[in-house]
Amino acid sequence: MSSIHLVCRPRENPDGTLKEEVGDWRDVLAELPRRIHGWMPRLAEEGVVGADAIFSCIGPALEVFSRYSRVEKASGEAVALREYLVEVWAAVSREALNMIFEGADSTGFEEDARLTAMWLWTLSTGANGNGNGNGNGGENGGGKAVRGEYSLEYDAARKIAQGIGAHMETLPDLVEIKGSSARLLSVAERSGRLFGKGQGGSQKERPRRGGKKRQSQASFDEGEMVVPVGEDGPGAGSGGSGGTAVQPVLAETVLDKVHQAMLLFAEGSSERLRSFLVDEVGGDQRFWHLAQALVALYPASTEERRWVEGVLARKKGLGL
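Below: a short report on this structure. Keep in mind the model is a prediction, meaning the values are calculated, not measured.

**Details of the nonpolar core**
The nonpolar side chains of soluble globular proteins are, as a tendency, buried together. Tyr84, Leu115, Trp119 and Trp121 are the most contacted members of the largest nonpolar core, which totals 79 residues. The residues touching Tyr84, leaving out its near neighbours within four places in the chain, are Trp25, Val28, Leu32, Ala61, Leu62, Val64 and Phe65.

Right, here's the structure in full:
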């Protein structure tokens, strides 16, 4: 159970009368990002991240708007609080992305990468993302991030997506929506999408002791494995002992490519991973920036964390 406290003070003149000042919408929009920029890093330094940080910025953001009795656009139309809150979510999300992708331009990433980063950051339990995935973010964001379970309350997920210009409903291979909750799919669950259905990357369930099941890492058939190629077009040749023709993978975004590399590492396909990194993505700094960010965002207990660390280790070994 979480509590949010808003301290409200009357807008008073020195003589005690109420101020009736009208604010300019353009001035409010210009001040908002500066206000958030002053708060978000401060919160992170104090260990407040994820959903805690997002909601902690609402008060300072409202202060920019509520100092006026009325905010108007150039046309004289009054701005409703609901409209302003949309801008608040956007400003908070942009500032959070700039912190997550430190040293990189977050606008260079597609919506799936931005949403994944914000989602995992919201679920994180510490400034370095090294918690067990069941702390602050889970309390205020209504979610959890432990062993591949990346769930949030739908409304919290919707607001995060809205703030960064992403649309969960158009990303069914990344987000699963059920009732009042939304779940970020694990990398293993995306293997069929990334390597072509029926051609490797099948997700299997294996029994654990005590009869429980767990999600295994992606499994690939050496004779059917689809060799990754770039976006320019399909490759040609033979793959595996069965002579299967090389086919293009469905790598449309930087996140897709990072997840492909992670799955190749998970399966121990060293030569294919080397070829993929050297020939296809090694020169794209967005790939490495995103991979580095994911190392900090995935909880330490997850297979995803180990896989992406393995991909980054190969970078050093290949001299990329």
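**Considerations on the pattern of salt bridges**
Inspection of the entire model under this criterion finds 18 salt bridges. Residue Lys73 is joined to Glu83 by a salt bridge in which the shortest nitrogen-to-oxygen separation is 3.0 Å. Of this pair, Lys73 sits in the loop between strand S2 (70-72) and helix H4 (81-100) while Glu83 sits in helix H4, and the two are ten residues apart along the sequence. Residue Lys73 is classed as partly exposed on the basis of its relative accessible area of 24%. Note on Glu83: relative accessible area 29%, which makes it partly exposed. Here Arg193 and Asp173 are joined by a salt bridge, their closest N and O atoms 3.2 Å apart. Placement of Arg193 in helix H8 (residues 191-195) and of Asp173 in the loop between helix H7 (154-163) and strand S5 (175-178) is noted, with a sequence separation of 20 residues between them. Judged by relative accessible area, Asp173 falls into the partly exposed class, the value being 22%. A cluster of three or more residues bridged by salt bridges with shared partners is formed by Asp173, Arg190, Arg193 and Asp256.

**Description of the packing of helix H9 (residues 254-267) against helix H11 (residues 285-297)**
For the pair H9 and H11, the least separation of the axes is 9 Å and the interaxial angle reads 65 degrees. One element, H9, and the other, H11, form an angle in the roughly perpendicular class. Helix-helix and strand crossings are classified by hand; for H9 and H11 the assignment is right-handed. Contacts from Val254, Leu255, Lys257, Val258 and Ala261 in H9 reach Arg286, Phe287, Leu290, Ala291 and Leu294 in H11. A class-by-class count of the residues in the contact of H9 with H11 yields eight nonpolar, no polar and two charged.

**Observations regarding H7**
Inspection of H7 places Ala156, Ala157, Ile160, Ala161 and Gly163 among the buried residues, and these make up the whole buried set. Relative to the axis of H7, the buried residues are bounded by an arc of 165 degrees and lie together on one face. The first or second residue beyond H7 is Gly165, which carries a positive phi of 75 degrees.

**Looking at the environment of Asp112**
Structurally, the position occupied by Asp112 is in helix H5 (residues 111-123). Take Asp112: its relative accessible area is 6%, and that puts it in the buried class. Placed 141 residues apart in sequence, Asp112 and Thr253 show a C-alpha to C-alpha distance of 7.9 Å. Discounting residues that sit within four places of it in the chain, Asp112 has contacts with Leu171, Leu174, Thr253, Leu255 and Asp256.

**Describing the packing of helix H3 (residues 58-66) against H4**
The interhelical angle for the contact between H3 and H4, taken along N-to-C directions, is 135 degrees, at an axis separation of 11 Å. Classified by the angle between their axes, H3 and H4 sit oblique to one another. As H3 packs across H4, the resulting crossing turns out to be right-handed. The segment H3 lies against H4, with Ala61, Leu62, Val64 and Phe65 engaging Leu81, Tyr84, Leu85 and Val88.

**Notes on H9**
Given a rise of 1.5 Å per residue, 14 residues ought to cover 20 Å, and the 20 Å separating the end C-alpha atoms of H9 matches this to within 8%. Counting buried positions over the 14 residues of H9 gives twelve, a clear majority of the element. Among the residues of H9, Val254, Leu255, Asp256, Lys257, Val258, His259, Gln260, Ala261, Met262, Leu263, Leu264 and Ala266 are the ones counted as buried. Buried residues belonging to H9 abut H5, H8, helix H10 (270-281), H11 and helix H12 (303-318). The positive-phi residue at the C-terminal boundary of H9 is Gly268, with phi of around 80 degrees.

**A closer look at the side chain of His259**
In this fold, His259 is placed in helix H9. Among the residues examined, His259 registers a relative accessible area of 2% and is labelled buried. When sequence neighbours within four positions are dropped, the list of residues in contact with His259 reads Val187, Arg190, Leu194 and Tyr298.

What counts and how
Residues numbered from 1 in each chain as written. Predicted model: local features only at pLDDT ≥ 70, side-chain atom pairs only at ≥ 80, totals over all residues. Heavy atoms only, no water. Core = buried A, V, L, I, M, F, W, Y, C linked by side-chain atoms within 4.5 Å. Buried < 20%, exposed > 50% of the residue type's maximum accessible area, 1.4 Å probe, protein only. Contact = heavy atoms within 4.5 Å. Salt bridge = Lys/Arg side-chain N within 4 Å of Asp/Glu carboxyl O. Helix = DSSP H or I, 4+ residues; strand = E, 2+ residues; numbered from the N terminus. Axes fitted to C-alpha atoms, helices over the stretch in contact; angles between N-to-C directions. Parallel < 35°, antiparallel > 145°, perpendicular 65-115°, else oblique. Left-handed = near helix turned anticlockwise from the far one by under 90°. Nonpolar A, V, L, I, M, F, W, Y, C, P; charged D, E, K, R; others polar. Arc of directions from axis to C-beta. Expected span 1.5 Å × (residues − 1).

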